[in-house]
Amino acid sequence: MSESSPNESKQLLQKRHYFILENLQLLASEAPASLKHRLSTEFLSTLAVSLLDGTVFEIVSHLLEMQQISERNFFNERSRINNEYLNQRNQLLKRHKTTEKACEIRPHHLSIVQSANKRELDAFDKRMNDELHRLDVKVVQDFDNKVLEQQETMSQAGVPNFFSTQNPNDLKLQMYVLKMIEKLSKMKLPE
């Protein structure tokens with residue numbers, strides 16, 4: 001195995017830079033109009049440099065994998081709670097049906113039992129909706145924190161335009177840049 005000379009290494013890096021930059025420019029041309037003006041040649045060139053050694057590709061892959069795991073866990077937790085709720089609600093409805101059927105011998109009690117059953121069902125539904133809402137709020141907060149962590153990680157990796165922000169325009173740009181990096185990571189770089 002022969003070692004490459006510093007000149008060959010420099011040529012390879014230059015070749016990779018041009019390859020990455022050319023593909024970034026193609027991806028930037030497909031960007032929504034609201035983002036195109038923020039994807040300047042200077043920005044894309046700086047981004048290409050940050051991608052040269054492949055570390056950022058690995059970081060993005062890891063971040064996306066962690067995000068998918070978090071989303072799957074949230075979905076599973078919400079589904080579990082929702083299924084428990086439906087089972088408990090069905091049991092409650094069966095119990096209500098039994099209590100209402102017991103009123104056949106005392107029809108004058110039926111409206112009182114039905115009213116009590118409705119209040120109990122409404123209270124149960126409210127309690128379960130509140131629980132699901134609390135879970136949703138917690139998940140949104142968790143995702144917001146993950147976004148901030150991702151922004152910090154990408155910033156530390158030297159990826160331009162990554163910084164902690166909640167500005168929707170900056171977030172859209174960062175998300176698009178992540179998509180560009182993800183698409184590039186699937187391409188074979190020059191060797």
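Just so we're clear, the structure is a prediction, and the values are computed from it rather than from any experiment.

Conventions used here
- Residues numbered from 1 in each chain as written.
- Predicted model: local features only at pLDDT ≥ 70, side-chain atom pairs only at ≥ 80, totals over all residues.
- Heavy atoms only, no water.
- Helix = DSSP H or I, 4+ residues; strand = E, 2+ residues; numbered from the N terminus.
- Buried < 20%, exposed > 50% of the residue type's maximum accessible area, 1.4 Å probe, protein only.
- Contact = heavy atoms within 4.5 Å.
- Salt bridge = Lys/Arg side-chain N within 4 Å of Asp/Glu carboxyl O.
- Axes fitted to C-alpha atoms, helices over the stretch in contact; angles between N-to-C directions.
- Parallel < 35°, antiparallel > 145°, perpendicular 65-115°, else oblique.
- Nonpolar A, V, L, I, M, F, W, Y, C, P; charged D, E, K, R; others polar.

Sorry, what's going on with the environment of F74 here?
By the element assignment, F74 lies in helix α4 (residues 55-101). Note on F74: relative accessible area 23%, which makes it partly exposed. Apart from residues lying up to four places away in sequence, F74 is in contact with L135, D136 and V139.

Teacher, can you tell me more about unusual backbone geometry here?
It is generally the case that most residues other than glycine have a negative phi and that most peptide bonds are trans. The backbone phi angle of N161 is positive, close to 70°, even though this residue is not glycine. Mapped onto the elements of the fold, N161 is located in the loop between α5 (110-156) and α6 (168-185).

Would you mind showing me how to read the pattern of salt bridges here?
Pairing between side chains of opposite charge can happen when their charged atoms approach one another. Taken as a whole and judged by the stated rule, the model has 11 salt bridges. In this structure, R78 and D136 form a salt bridge, with 2.8 Å as the shortest nitrogen-oxygen distance. Of this pair, R78 sits in helix α4 while D136 sits in helix α5, placing them 58 residues apart in sequence. With a closest N to O distance of 3.0 Å, D142 and K138 form a salt bridge.

Which parts of the structure should I look at to understand the packing of α4 against α5?
Helix packing geometry: the angle between the two helix axes and the distance between the axes. Viewed as axis vectors pointing N to C, α4 and α5 meet at an angle of 175°, and their least axial separation amounts to 11 Å. Taken together, the axes of α4 and α5 are roughly antiparallel relative to one another. Its residues assigned to classes, the contact of α4 with α5 comprises 19 nonpolar, 10 polar and 11 charged.

Any chance you could explain the environment of L135 here in plain terms?
With respect to the helices and strands, the residue L135 is situated in helix α5. Judged by relative accessible area, which is 13%, L135 ranks as buried. Each C-alpha atom of the pair L135 and E77 lies 8.8 Å from the other, and the pair is 58 residues apart in sequence.

Functional significance is not addressed by these values, which are geometric in nature.
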